[in-house]
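The primary structure of each chain is shown beneath.
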Amino acid sequence: LLDFHKAAGLRGIYIATQLTVGPVGGRYLITLISYDKGGEWTRLTPPDYRYDNTTISCDPPTCYLNLASEFSSIYRTYQTEPILSSPSTPGLIMATGSTGSVLHVTGDLMVSNTAGASWISALPGFTYYTFGDHGGFMLAAHKYYHGNINFIYYSLDEGANWQKYEFSDQKGLLIWGITTEPGEYTTVVSLYGSVNYT
């Protein structure tokens, strides 16, 4: 295992990243989940539909959901956000993921409100994400390499539906991060970035 994420607020649930067997250059990342403190590991069930309501053709045992984890967040190829869970929102998990036999370089925002048992394909592309008010809302914003943006996405139903909110009528920002303060209990959100004048 390369790394693993403990689902905060719940006992014994771990999400792990494993490197497949093979020669150097022929090994890939897959995602496993355990509900019994690591006693038994299984692959993640893929969502049925994409964020745009098109059907996902992904059926085990040849296709699963794979998530980017802490390793992926520091690895140059991916640079995604790590898996997010919180003691204040037990059962809610946000992550960047892709469907297939292994983790792909491209991915979308994936949300689970069942502690990893089922997943929703929420938004396209790589995003920063967080939640607040004990999971009463979720927030996401496209990462800086999407260019200047003047909007964010939010969900009030645990990721099932997302709305767009324009925070400026100007050119927008290169988004560098998003966070709740002082934690996931509050409804105050900070969005930070820089203006790209080019």
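Everything that follows concerns the structure shown earlier in this document.
As a convention, each chain's residues are numbered from 1 in the sequence order in which they are written. The predicted nature of this model means local features are confined to residues of pLDDT at least 70 and side-chain atom pairs, given and counted, to a pLDDT of 80 or more, with totals for whole chains, interfaces and linings taken over all residues. Note: side-chain values were computed over all heavy atoms of the structure, leaving out hydrogens and water.

**As for the pattern of salt bridges**
No. 1: Here, a salt bridge means any Lys or Arg side-chain nitrogen found within 4 Å of an Asp or Glu carboxyl oxygen. What the rule picks out here adds up to one salt bridge.
No. 2: Among the ionic pairs, lysine 143 bridges to glutamate 81, the shortest N-O distance being 3.3 Å. Here glutamate 81 lies in the loop between α1 (70–74) and β6 (93–100) and lysine 143 lies in the loop between β10 (137–142) and β11 (151–155), a separation of 62 residues in the sequence.
No. 3: For every residue, the accessible area obtained with a 1.4 Å probe (protein chains only) is divided by the maximum for its type, and the residue is called buried under 20%, exposed over 50%, and partly exposed between those limits. Judged by its relative accessible area of 22%, glutamate 81 is partly exposed. Helix and strand assignments come from DSSP, with helices taken as H or I runs of at least 4 residues and strands as E runs of at least 2, each series counted from the N terminus.

**Quick notes on the sheet that holds β10**
Sheet strands line up and pair through hydrogen bonds in the backbone, either parallel or antiparallel.
No. 1: Two strands are counted as paired when DSSP detects at least two bridges linking them. Strands sit in the order β9-β10-β11-β12 across an open sheet of four strands; the sheet is antiparallel. Looking at strand neighbours, the two that pair on one side only are β9 (127–132) and β12 (163–166), the edges of this open sheet. Strand-to-strand, the axes of this sheet are offset by a mean angle of 25°, without reference to chain direction.
No. 2: With three bridges connecting them, β10 and β11 associate as antiparallel partners. The residue bridging alanine 140 from the neighbouring strand is tyrosine 153, located in β11. Whenever a helix is involved, its axis is fitted only over the stretch in contact; in every case the axis is a line through C-alpha atoms, and angles between N-to-C directions fall within 0 to 180 degrees.

**Some remarks on the packing of aromatic side chains**
No. 1: Working definition: a ring pair exists when centres of Phe, Tyr or Trp rings (six-membered ring for Trp) sit within 6.5 Å. Plane angles under 30 degrees give stacked, over 60 give edge-to-face, the rest tilted. Enumeration over the complete set of coordinates arrives at three aromatic pairs.
No. 2: Measuring from ring centre to ring centre gives 5.5 Å for phenylalanine 151 and tyrosine 153, while their planes differ by 80°; the resulting arrangement is edge-to-face. Neither phenylalanine 151 nor tyrosine 153 differs from the other in exposure class; each is buried.
No. 3: Between lysine 164 and the ring centre of phenylalanine 151, over which it is positioned, the NZ or CZ distance is 4.4 Å. The criterion is that NZ of a Lys, or CZ of an Arg, lies within 6 Å of the ring centre and within 35 degrees of the ring normal, and then a charge sits over that ring.

**Some remarks on unusual backbone geometry**
No. 1: Proline 60 connects to proline 61 through a cis peptide bond whose omega is 10°.
No. 2: Relative to the helices and strands, proline 61 is located in the loop between β4 (42–43) and β5 (64–67).
No. 3: For alanine 115, which is not glycine, the phi dihedral falls at a positive 55°.
No. 4: Here alanine 115 shows up in the loop between β7 (108–112) and β8 (120–123).

**Some remarks on the state of the cysteines**
Simply put, the disulfide is a covalent bond whose two ends are the sulfur atoms of two cysteines.
No. 1: Disulfides are defined as pairs of cysteine sulfur atoms found within 2.5 Å of each other. Enumeration over the complete set of coordinates arrives at one disulfide.
No. 2: Each sulfur of the disulfide joining cysteine 58 and cysteine 63 lies 1.9 Å from the other. Taking the torsion about the sulfur-sulfur bond, which here is approximately -105°, the covalent link between cysteine 58 and cysteine 63 counts as left-handed. Like cysteine 63, cysteine 58 is buried.

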